[in-house]
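# Structural overview
These are the residues of each chain, in order.
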Amino acid sequence: MQNTDIPNLLELQKIENQIHERHHNIESHKKRIEYINNQIEKRKELMNKNERDLETQKVELMEKEKALYSLEEKKKKSNEHYKVAKSQIEVEALEKELKELSPLIEALENKILELLDSIDECEIKIKDGQNFLKGSKETKEEIEKEVSEDIHDDEHAISVFQKKEDSFLELLSSEAKSLFEGLKKRYKSTEFITNIENGKCKGCFYMLPSHLVESVYRGINIECCPSCQRILAPGLD
């Protein structure tokens, strides 16, 4: 006489697989939101950095412009003095000063141009960041709504599967029910029922004694693998 617990245990394994799949779906849905939140936070951090850089560059630009103005004023006065210089010593001193001022002024002008370009780039990056965050907010709201609906569907399916599981549990003998509960906790999301392939437990590849294999195929008693303790079945199709 065939053991009636075996087919019920096989059905319970299928149900557990379906529940696990739904739980996996829920985690995947949540990861979509986590990914978007991470991208938004990264972009916020980058935009904050760009704003700090922009402020620093604007301060530096003001300092360079003041320095340039000061040098240009100094050069202007030196030129005026040069025009009215009376002695050779005075002329040579002013020529030296003007010669030294010219490269300093040129270097500052180049630095100011670089800062202006850098400021323009920062402002563009900040504008792009603002547009990204604005678009991300709208996208996030849409995805959150979609994810919420998907999670609700999966949770409903899990509830249905659990009720179905309860109905099969009622059909099990106390021994089989206890075995099921123990293996379910031990293997959690992995299968706790496995079939035999070439005389081995397909779950852990342990070579099974011939008398145990014969018992499994007769289907009279519930047999477990001596190695991994999974319930053995002749086939799971």
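Residues numbered from 1 in each chain as written. Predicted model: local features only at pLDDT ≥ 70, side-chain atom pairs only at ≥ 80, totals over all residues. Heavy atoms only, no water.

## Structural notes on the packing of aromatic side chains
If you walk through the whole model with that rule in mind, you get one aromatic pair. Here Phe 180 and Phe 192 contribute two aromatic rings whose centre-to-centre distance is 5.3 Å and whose plane-to-plane angle is 75°, an arrangement assigned as edge-to-face. Placement of the pair is Phe 180 in helix H3 (residues 174-187) and Phe 192 in the loop between H3 and strand E1 (193-197), with a sequence separation of 12 residues. You can call Phe 192 buried: its relative accessible area is 1%. (Phe/Tyr/Trp six-rings, centres within 6.5 Å; stacked < 30°, edge-to-face > 60°. Helix = DSSP H or I, 4+ residues; strand = E, 2+ residues; numbered from the N terminus. Buried < 20%, exposed > 50% of the residue type's maximum accessible area, 1.4 Å probe, protein only.)

## Quick look at the sheet that holds strand E2 (residues 200-201)
Read across the open sheet, the three strands follow the order E2-E1-E3; overall the sheet is mixed. Of all strands in the sheet, those bounded by a partner on one side alone are E2 and strand E3 (231-233). Alignment of E1 against E2, held across two bridges, turns out to be antiparallel. Across the sheet, Ile 196 pairs through a bridge with Cys 201, a residue of E2. (Pairing = 2+ DSSP bridges.)

## Observations concerning the nonpolar core
A general trend in soluble globular proteins is that nonpolar side chains are found buried together. Of all hydrophobic cores here, the largest spans 50 residues; its most connected members are Leu 9, Leu 12, Leu 172, Phe 180, Leu 208 and Leu 232. Contributing elements (two or more residues each) for this core: helix H1 (5-84), helix H2 (88-169), H3, E1, helix H4 (210-218) and E3. Looking at this core element by element, the count peaks at 17 residues for H2. (Core = buried A, V, L, I, M, F, W, Y, C linked by side-chain atoms within 4.5 Å.)

## Section: the pattern of salt bridges
Under the defined criterion, the tally for this structure stands at nine salt bridges. Taking the shortest distance from any N to any O, the salt bridge between Glu 165 and Lys 184 comes out at 3.2 Å. Residue Glu 165 is located in helix H2, and its partner Lys 184 is located in helix H3; the two are separated by 19 residues in the primary sequence. Judged by its relative accessible area of 26%, Lys 184 falls in the partly exposed class. (Salt bridge = Lys/Arg side-chain N within 4 Å of Asp/Glu carboxyl O.)

## Here's the deal with the state of the cysteines
Counted by the stated rule, this structure contains zero disulfides. In this structure Cys 204 is not part of a disulfide, and its nearest cysteine sulfur, from Cys 225, lies 3.6 Å away. (Disulfide = S-S within 2.5 Å.)

## Let's talk about the packing of H1 against H3
Axis separation between H1 and H3 bottoms out at 11 Å; the angle between their running directions is 25°. Taken together, H1 and H3 sit at an angle that is classed as roughly parallel. In this structure, H1 meets H3 at a crossing whose hand is right-handed. Facing Asp 5, Leu 9, Leu 12 and Glu 16 of H1, the residues of H3 in contact are Ala 176, Phe 180 and Lys 184. (Axes fitted to C-alpha atoms, helices over the stretch in contact; angles between N-to-C directions. Parallel < 35°, antiparallel > 145°, perpendicular 65-115°, else oblique. Left-handed = near helix turned anticlockwise from the far one by under 90°. Contact = heavy atoms within 4.5 Å.)

## Side note on unusual backbone geometry
In the Ramachandran plot, Asn 198 falls in the positive-phi region, its phi being about 55° despite a non-glycine side chain. Relative to the elements of secondary structure, Asn 198 occurs in the loop between E1 and E2. When its relative accessible area of 71% is taken as the criterion, Asn 198 is described as exposed.

## As for the pairing of E1
Taking burial as the measure, the five residues of E1 include four buried ones, the bulk of the element. Pairing of E1 with E3, which is carried by three bridges, proceeds in the parallel orientation. Of the residues in E3, the one forming a bridge with Ile 193 is Ile 231. As consecutive antiparallel partners, E1 and E2 are separated by two residues, and within that stretch Asn 198 has a phi angle of approximately 55°, a positive value.

## Some thoughts on the layout of surface pockets
Taken as a whole, the largest pocket encloses approximately 150 Å³ of empty space. If you trace the largest pocket, you find 13 residues lining it, with Glu 16, Ile 19, His 20, Lys 184 and Lys 188 closest to the centre. For the lining of the largest pocket, the secondary-structure elements that each account for two or more residues are H1 and H2. Of all the elements, H1 adds the most residues to the lining of the largest pocket, at six residues. Split into classes, the residues belonging to the lining of the largest pocket amount to two nonpolar, seven polar and four charged. (1 Å grid on protein atoms, 1.4 Å probe; cavity = no way out; pocket = protein on both sides within 12 Å on 5 of 7 lines; lining within 4 Å. Points joined across faces, edges and corners; volume = space filled by probe spheres on them. Nonpolar A, V, L, I, M, F, W, Y, C, P; charged D, E, K, R; others polar.)

## Things to note about a negative patch on the surface
A surface patch of negative charge is lined by Glu 114, Asp 117, Asp 120, Glu 121 and Glu 123. If you trace the backbone, Glu 121 turns up in helix H2. (Patch = residues over 30% accessible without salt bridge, like charges linked within 9 Å, V, L, I, M, F, W, Y side chains within 5 Å. Areas by Shrake-Rupley, 256 points an atom, 1.4 Å probe, with all protein chains shown as cover. Lys, Arg positive; Asp, Glu negative; His and termini not counted. Charge placed at Lys NZ, Arg CZ, Asp CG, Glu CD.)

## Looking at H4
Of the positions making up H4, those classed as buried are Leu 212, Val 213, Ser 215 and Val 216. Viewed end-on, H4 has its buried residues packed into an arc of 160°, placing them on one side of the element. For H4, exposure combined with an orientation more than 90 degrees from the buried face picks out Ser 210 and His 211. The first or second residue beyond H4 is Gly 219, which carries a positive phi of 70°. (Arc of directions from axis to C-beta.)

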